[in-house]
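Listed below, chain by chain, are the residues.
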Amino acid sequence: MNDLWEYLAVASVVALAGLAVLVGLVRGRIGRTKGLPPDTDLRPGQGRGDGIPAAPRGADVQDTGGFVAVQEREPSTPTLQRPDSARGRLARLRARLARSNNAIGVALLALLSRGGLDDAAWEEVEDTLLQADLGVEATEELVASLRTRVRVDGETDVETVRGWLRTDLLKLVDPSMDRRVAGARVGGRPAVVLVVGVNGTGKTTTVGKLARVLVAENKDVVLGAADTFRAAAADQLQTWGERVGVVTVRSEREGADPASVAFDAVAAAAEMECDVVLIDTAGRLHNKVGLMDELGKVKRVIEKRSPVDEVLLVLDATTGQNGMRQAEVFAEVIGITGIVLTKLDGTAKGGIVVNVQRKLGVPVKLIGLGEGPDDLAPFDPAAFVDAIVG
């Protein structure tokens, strides 16, 4: 009988030990997903592991058995911003634009209203317009029109001349061009916007500011950090997204395949049923692959998942003819649908608006007028011309 009790006691100890081991294993497994909310995004990596949705900086990325889980940490202090509406923004920033282009308007009005315009005076008018990067063709058209008006009407009154100048400049800027930016779902899928340009033009900052414009319009936005060759680009873009509660899809590996990250961003936006995904691309590569070849690849890979609805080229307005040459190369390789002109407040070369539209046959859609987070404005032809001519 004593033997039986001893046997039962030993068996009980073994059973309890086994149960303890089993509980430990279960707890360890649960610990890997502890704290994940019921609606945490769990999905297989769809871009060969290069791009994962990144929650605000410091988010926990946990391995949950072959899936990637992105979990937001509670912020220590409320940091979410609500951007100002972009409507009327250009009017609010008109004073900056007027200061930057004042040299054009003042010089032209002074020349045209002084009377007795001879060939030398008209050459001065041409020089002023060319220095403003209006371009040879547009300059010749504008001067021809103004010379005809002066000859026929004989007027040199400043207000009359200002009216002529406004009418002719507005015609050159072409208000009839469609300047809408793709920012809404298309046929049940997110709109896909590819943003390109060389480094130094403010490309990544422009993507962040454009996200703010769209958030102000109550759009659900995803950012894709496909500039994987510049170490700070993904961090910079993610910071912009965090401020307005926008998810950034990025790679945690420097030099990862940009096309893969872009693909993942589009896939994530589709899964989250967002309105638009903005893809930031490289402006310079540090390997043997040419930039244009890489951009072409990014676009082709995205198109395996979704059409690309918009390709915005970011240009620095202060670069003049260098910027024009860049624009022509990008347009030839990747098919530009719109232009974003940055640093337009820091130059008197506002004529580049006309020049770049004529060269590429696509509209200027957005302009950058300062360093503030909400200084990106939809381009308004009438407000732009009014700022030039005063």
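Residues numbered from 1 in each chain as written. Predicted model: local features only at pLDDT ≥ 70, side-chain atom pairs only at ≥ 80, totals over all residues. Heavy atoms only, no water.

A look at the packing of helix H4 (residues 119-131) against helix H5 (residues 136-153)
Pairs of packed helices are described in terms of their axes, by the angle between the two and the distance that separates them.
Then comes step 1: In the contact formed by H4 and H5, the axes pass within 10 Å of each other and the chain directions differ by 140°. The way H4 lies across H5 gives a crossing that is right-handed. In this structure, H4 contributes Asp119, Trp122, Val125, Glu126, Leu129 and Leu130 to the contact, and H5 contributes Val136, Thr139, Leu142, Val143, Leu146, Arg147 and Val150.
Then comes step 2: Tallied by class, the residues present in the contact of H4 with H5 amount to nine nonpolar, one polar and three charged. (Axes fitted to C-alpha atoms, helices over the stretch in contact; angles between N-to-C directions. Helix = DSSP H or I, 4+ residues; strand = E, 2+ residues; numbered from the N terminus. Left-handed = near helix turned anticlockwise from the far one by under 90°. Contact = heavy atoms within 4.5 Å. Nonpolar A, V, L, I, M, F, W, Y, C, P; charged D, E, K, R; others polar.)

A few points about the side chain of Asp375
Then comes step 1: Positionally, Asp375 belongs in the loop between strand E11 (364-368) and strand E12 (376-378).
Then comes step 2: From its side chain, Asp375 meets the backbone nitrogen of Gly372 in a polar contact 3.0 Å long. (Polar contact = N/O pair within 3.5 Å; in protein donor to acceptor, adjacent residues only side chain to side chain.)

Re the pattern of salt bridges
Between side chains of opposite charge, pairing is possible as soon as their charged atoms come close.
Then comes step 1: In this structure the tally under the stated criterion is 17 salt bridges.
Then comes step 2: As a salt-bridge pair, Arg166 and Asp386 come within 2.5 Å of each other at their nearest N and O atoms. With Arg166 in helix H6 (residues 158-173) and Asp386 in helix H13 (residues 381-389), this pair connects stretches of sequence that are 220 residues apart.
Then comes step 3: Arg250 is the partner of Glu252 in a salt bridge, and the nearest nitrogen-oxygen pair spans 3.9 Å.
Then comes step 4: For Glu252, a relative accessible area of 58% gives the class exposed.
Then comes step 5: Using a relative accessible area of 10% as the deciding quantity, one classes Arg250 as buried. (Salt bridge = Lys/Arg side-chain N within 4 Å of Asp/Glu carboxyl O. Buried < 20%, exposed > 50% of the residue type's maximum accessible area, 1.4 Å probe, protein only.)

Overview of the environment of Leu130
Then comes step 1: Along the chain, Leu130 falls in helix H4.
Then comes step 2: Overall, the relative accessible area of 37% leaves Leu130 in the partly exposed class.
Then comes step 3: Each C-alpha atom of the pair Leu130 and Glu140 lies 9.6 Å from the other, and the pair is 10 residues apart in sequence.
Then comes step 4: In this structure, Leu130 is in contact with Gly135, Val136 and Thr139, ignoring residues within four places of it in sequence.

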